[in-house]
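A structural walkthrough
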Amino acid sequence: MKIAKIETGSIQIPLVTPFKTSLRTATHVDDILVRVTADTGETGFGEAPPTAVITGDTKGSIRAAIEEFIAPSLVGYDIEDLDGIMARLSSCIQKNTSAKAAVDMAIYDLYAKRLGLPLYKVLGGRSNTVETDITISVDTTSKMVSDSLKAVKDGFNILKVKVGKEGLKDVERIAKIREAVGPEIQIRVDANQGWNAKDAVRIITALEDRNLDIDLVEQPVPAHDLAGMKYVTERVYTPILADESVFTAEDAITIIQERAADLINIKLMKTGGIYQALKICSIAEIYGVECMMGCMLESKIAVSAGAHLAGAKGIITRADLDGPGLCSIDPYEGGPEYNAGTILLNETPGLGITHVPGFED
Ligand code: MG
């Protein structure tokens, strides 16, 4: 079963509510799609979002990396030589992790289909269900409270609240959200690099002093400031989750050995796909550092690849895979079922996605 063709397409899906973090505002999923076709006619699908502020990848750069470098390097290779394909994918172009992730997941989709198994069973097979949080975007306090209440009413038990622009005012916001949703709902906080180390300690200590019961605080300081993140991690009780600071397996080794964070957020768009993400899982298993499976602003194809990995590996104890929950429509057929906070993985082969707009032929 050889790779015969790698093609790109695109998808635009309006969001239910604009997605606002301390770094950006987005109103649509606007992603590059990938179809890998084998010489048997079987297909695998992938997806990559242009998260330029984090990965540096744009739609143009993702498409060009795939069409000009990745596709010519991989066409003709046998799908069963997964290791060989992944070595070529990694070395045919530097960086460009989103483009690599889209192709990597499409190849895994095909590989699992070849084996006749759902992808999570190929990767480890731990569980067919994954519980995800949902993002509450940065906004006025009253809007954030009403968005939180709506999420809980819709069936989410875990909220990921975006903060990071207004210092101690964020503590008031979270207190209002906690008051509104009650003690049973889990709250995670994501600062998206919005604080400096000292402010982070002050704000997180204030959250602790008010007993707001925060599950974790994600990326409090700028991505490059590992010393700052270590400073924060050492001074607060709340677990600190490294997100933008960890792209590669090498980054994960550094963060863990420096004890710069307590937890690691794995995203396929940062690692360059499942094959590289599995390396982070192995490192984290060795050190006993729990991971979260995260996503960018992605729709069902890419999020489902992450969900299958999350279901496969016990070291991934948390999931932030709310992309499909933020989209106003689901343009695909097949794949995992997204029922509010619960993701039920497909038992059909691969990612299970059978219809992708633009690839109808
Ligand atoms: Mg984050």
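Residues numbered from 1 in each chain as written. Predicted model: local features only at pLDDT ≥ 70, side-chain atom pairs only at ≥ 80, totals over all residues. Heavy atoms only, no water.

Right, let's talk about the pattern of salt bridges for a bit. The tally for this structure, following the rule as stated, stands at 28 salt bridges. The residue Glu218 makes a salt bridge to Lys160 at a minimum N-O spacing of 2.9 Å. Note that Glu218 is positioned in strand S8 (residues 214-218) and Lys160 in strand S6 (residues 158-162), a separation of 58 residues in sequence. With a relative accessible area of 0%, Glu218 lands in the buried category. Asp320 serves as the salt-bridge partner of Lys160, at 2.5 Å between the closest nitrogen and oxygen. In this pair, Lys160 is assigned in strand S6 and Asp320 in strand S12 (residues 316-320), connecting sequence segments 160 residues apart. A network of salt bridges, in which partner residues are shared, links Asp133, Arg188, Asp215, Glu290 and Arg318. (Salt bridge = Lys/Arg side-chain N within 4 Å of Asp/Glu carboxyl O. Helix = DSSP H or I, 4+ residues; strand = E, 2+ residues; numbered from the N terminus. Buried < 20%, exposed > 50% of the residue type's maximum accessible area, 1.4 Å probe, protein only.)

Take the coordination of the magnesium ion next. Taken together, Asp190 (OD), Glu218 (OE) and Asp243 (OD) make up the protein donors of the magnesium ion, found 2.2 to 2.4 Å from the metal. For the magnesium ion, the single-chain donor residues occur in sequence as D-x27-E-x24-D. You can see Asp190 sitting in strand S7 (residues 186-190) and its partner Glu218 sitting in strand S8, a full 28 residues away along the chain. (Donors = N, O, S within 2.8 Å, 3.2 Å for Na, K, Ca; no water.)

Attention now goes to the domain arrangement of the chain. Each assigned domain of the chain is listed here: domain 1 (3-116) and domain 2 (121-355). Computed from C-alpha coordinates alone, the two centres of domain 1 and domain 2 are separated by 22 Å. Tallying the contact residues gives 42 residues for domain 1 and 47 residues for domain 2. Here domain 1 and domain 2 share one salt bridge between them. Between Lys20 and Asp139 there is a salt bridge whose closest N-O contact spans 3.3 Å. Across the domain 1-domain 2 interface, the total number found is 15 residue pairs in polar contact (both at pLDDT 80 or more). Listing elements by their share of the side of domain 1 that touches domain 2, those giving two or more residues are strand S1 (3-20), strand S2 (25-38), strand S3 (43-48), helix H1 (52-55), helix H3 (82-91) and helix H4 (97-115). When residues of the side of domain 1 that touches domain 2 are assigned to their parent elements, the largest contribution, 12 residues, is made by H4. (Domains from an automatic or database assignment. Contact = heavy atoms within 4.5 Å. Polar contact = N/O pair within 3.5 Å; in protein donor to acceptor, adjacent residues only side chain to side chain.)

In this structure the tally under the stated criterion is zero disulfides. With no disulfide partner, Cys291 has as its closest neighbouring cysteine sulfur the one in Cys281, 5.7 Å distant. Assessed through its relative accessible area of 1%, Cys291 is described here as buried. The cysteine Cys327 is free of any disulfide, with Cys295 supplying the nearest cysteine sulfur at 9.5 Å. By relative accessible area, Cys327 is classed as buried at 10%. (Disulfide = S-S within 2.5 Å.)

Right, let's talk about the packing of aromatic side chains for a bit. Using the criterion set out here, one finds one aromatic pair in the structure. Ring geometry for Phe45 versus Phe359: centroids 6.2 Å apart, planes at 35°, classification tilted. Of the two residues, Phe45 sits in strand S3 while Phe359 sits in the segment after strand S16 (353-355), which places them 314 residues apart along the sequence. When sorted by exposure, Phe45 lands in the same class as Phe359, which is buried. (Phe/Tyr/Trp six-rings, centres within 6.5 Å; stacked < 30°, edge-to-face > 60°.)

Two numbers describe how helix H8 (residues 197-209) lies on helix H9 (residues 226-235): the axes approach to 9 Å, and their chain directions differ by 25°. With respect to their mutual orientation, H8 and H9 come out roughly parallel. Helix-helix and strand crossings are classified by hand; for H8 and H9 the assignment is right-handed. Residues Ala197, Lys198, Ala200, Val201 and Ile204 of H8 form the contact with H9, whose participating residues are Gly228, Tyr231, Val232 and Arg235. (Axes fitted to C-alpha atoms, helices over the stretch in contact; angles between N-to-C directions. Parallel < 35°, antiparallel > 145°, perpendicular 65-115°, else oblique. Left-handed = near helix turned anticlockwise from the far one by under 90°.)

Another point: the pairing of strand S11 (residues 291-294). Residues in a regular strand point their side chains to alternate faces of the sheet. On S11, burial covers both faces: Cys291 and Met293 on one face and Met292 and Gly294 on the other are all buried. Of the strand pairs in this sheet, strand S10 (residues 263-267) and S11 are connected by four bridges, and their pairing is parallel. Looking across to S11, one finds that Asn265 is bridged to Met292. Bridge count for S11 against S12 is four bridges, and the pairing is parallel. Residue pairing across strands places Met293 opposite Ala319, the latter belonging to S12. (Pairing = 2+ DSSP bridges.)

Taken together, three strands build an open sheet; the order of strands is S1-S2-S3 and the sheet is antiparallel. Here the strands that pair on one side only, and so sit at the sheet edges, are S1 and S3. With strand direction ignored, the average angle separating the axes of adjacent strands in the sheet is 20°. In terms of strand pairing, S2 meets S3 through six bridges, oriented antiparallel. The residue of S3 that forms the bridge with Ile32 is Ala48. On the sheet, H4 packs against S1, S2 and S3 and is oriented at approximately 155° with respect to S3.

Counting residues in hydrophobic clusters, the biggest one holds 126 residues, and the most contacted among them are Ile107 and Leu321. If one sorts the elements of this core by residue count, H4 sits on top with 11 residues. Those residues in contact with Ile107 that lie beyond four places of it in its chain are Ile3, Val36, Leu74, Ile79, Leu82, Ile85 and Met86. (Core = buried A, V, L, I, M, F, W, Y, C linked by side-chain atoms within 4.5 Å.)

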